[in-house]
Amino acid sequence: MPDIYIRTTGRAGRITLTRPQALNAMTYDMCLGIDTAMRNWREDDAVDLVILDAEGDKAFCAGGDIAELYETGTKGDYHYGRRFWRDEYRLNALIHEYPKPVVSFLQGFTMGGGVGIGCHGSHRVVCDSSRISMPEVGIGLVPDVGGSLMLAQAPGRLGEYLALTAHRMGPNDAILVGFADHYIPQDQWSDLIDMLESAGDAALVDTHARPAPTGDLRGQEAEIDRLFEGDTLGDILAHLRAQGSDLARQALKTMSRHSPLSMACGVEILHRLRTALPTIRAALELEYRFTARAMEHGDFLEGIRAQIIDKDRSPRWQYPDMEVPADAVARMLQPLDQEGLTFEEETT
């Protein structure tokens with residue numbers, strides 16, 4: 001199909017994103033194509049592992065293609081968006097729970113929807129150009145595609161920091177936080193993929209891994225833990241405003257551009273996942289409660305208008321003073337009853 005190249009080579013199922021001119025942003029058809037291929041290969045004894053990669057140097061996948069989401073949503077049609085997110089989240093769970101190794105090669109930008117397909121596999125490879133982030137609060141969503149699970153399981157309060165600031169992680173930081181596993185220089189990827197196709201042995205990834213260059217977050221963990229501690233967005237804002245450090249000032253400046261409702265709900269999702277037994281399905285179900293309501297009751301359409309359509313970078317968010325009432329968070333995250341996210345197949 002256009003935009004994606006799916007085939008079997010040797011012992012490997014191969015999925016290559018082929019939209020480098022669009023930073024390999026994932027369309028709904030691409031999502032469905034990946035889902036079908038992976039379900040077929042799951043039962044195919046001739047396929048030992050799956051390899052996910054992408055054309056171009058700038059991005060593995062810079063997110064989901066949101067043009068049609070905006071077009072349908074502004075016409076009052078929320079069904080398409082809910083269907084897109086529902087099927088995308090089911091694919092995220094499929095990759096996370098896959099019974100065979102899934103090796104992903106994540107050069108350049110891996111953001112949003114790219115995290116959903118690239119960061120749930122068993123062997124996630126990064127290189128010098130890798131920049132991984134969850135920037136959803138900037139367009140009126142919450143960190144989704146199962147990203148909330150990785151953020152909730154990150155050391156200390158790094159999850160809150162990354163969710164609220166959309167900080168871009170280099171290779172070392174991505175490994176520290178749990179969005180990647182191995183650093184391998186990109187000039188070695190082609191030979192490694194050839195070996196994986198021939199042998200069908202994902203252990204080859206481990207033997208090729210090298211120490212990642214020094215990152216930004218390891219030296220800031222203690223300060224981030226202090227600044228981003230708290231049960232609510234309000235708690236975190238109070239800590240940041242009380243501190244005069246460069247990190248606190250920069251975080252506040254960045255967060256002032258993001259949707260307050262999305263940030264408050266993102267913090268609540270992380271805390272709910274930490275107080276239960278966190279699973280990919282629990283994370284996706286919580287995320288879907290928000291995204292299913294994001295067009296009609298959230299800031300999503302306004303965020304896309306300001307960032308992508310009009311590009312005025314002046315979104316008119318709900319709660320511009322960043323004082324988000326607890327009941328507003330509760331409404332966005334209450335169960336959806338019959339409309340909630342379901343998973344058609346249970347893990348065997």
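Residues numbered from 1 in each chain as written. Predicted model: local features only at pLDDT ≥ 70, side-chain atom pairs only at ≥ 80, totals over all residues. Heavy atoms only, no water.

Asks: Quick one: what's the story with the nonpolar core, residue by residue and with numbers?
Replies: If you look at the biggest cluster of nonpolar residues, it comprises 99 residues, and the most contacted ones within it are Phe179, Phe228 and Phe300. No other element matches the nine residues that helix H14 (residues 280–297) contributes to this core. In this structure Phe179 touches Val115, Cys119, Arg124, Ile132, Met134, Gly147, Met150, Leu151, Met169 and Ala174, once residues within four positions along its chain are discounted. Ala12, Val103, Phe105 and Cys127 belong to the second largest nonpolar core, which has 15 residues in total. (Core = buried A, V, L, I, M, F, W, Y, C linked by side-chain atoms within 4.5 Å. Buried < 20%, exposed > 50% of the residue type's maximum accessible area, 1.4 Å probe, protein only. Helix = DSSP H or I, 4+ residues; strand = E, 2+ residues; numbered from the N terminus. Contact = heavy atoms within 4.5 Å.)

Asks: Explain the environment of Arg316 residue by residue, including any values.
Replies: Among the structural elements, Arg316 can be located in the loop between helix H15 (300–309) and helix H16 (326–333). Residues Arg316 and Ala67, 249 residues apart in the sequence, show an inter-C-alpha distance of 20 Å. The residues touching Arg316, leaving out its near neighbours within four places in the chain, are Glu302 and Arg305.

Asks: I'd like to hear about the environment of Arg14, residue by residue, with values.
Replies: Relative to the elements of secondary structure, Arg14 occurs in strand E2 (residues 12–17). Along the primary structure Arg14 and Ile34 are separated by 20 residues, whereas in three dimensions their C-alpha atoms are 10.0 Å apart. Apart from the residues within four sequence positions on either side, Arg14 is in contact with Tyr5, Ile6, Arg7, Thr9, Trp41, Ile51, Asp53, Ile193 and Glu197. A polar contact of 2.8 Å, which involves the side chain of Arg14, links it to the side chain of Asp53. In terms of polar contacts, Arg14 uses its side chain to reach the side chain of Glu197, at 2.5 Å. (Polar contact = N/O pair within 3.5 Å; in protein donor to acceptor, adjacent residues only side chain to side chain.)

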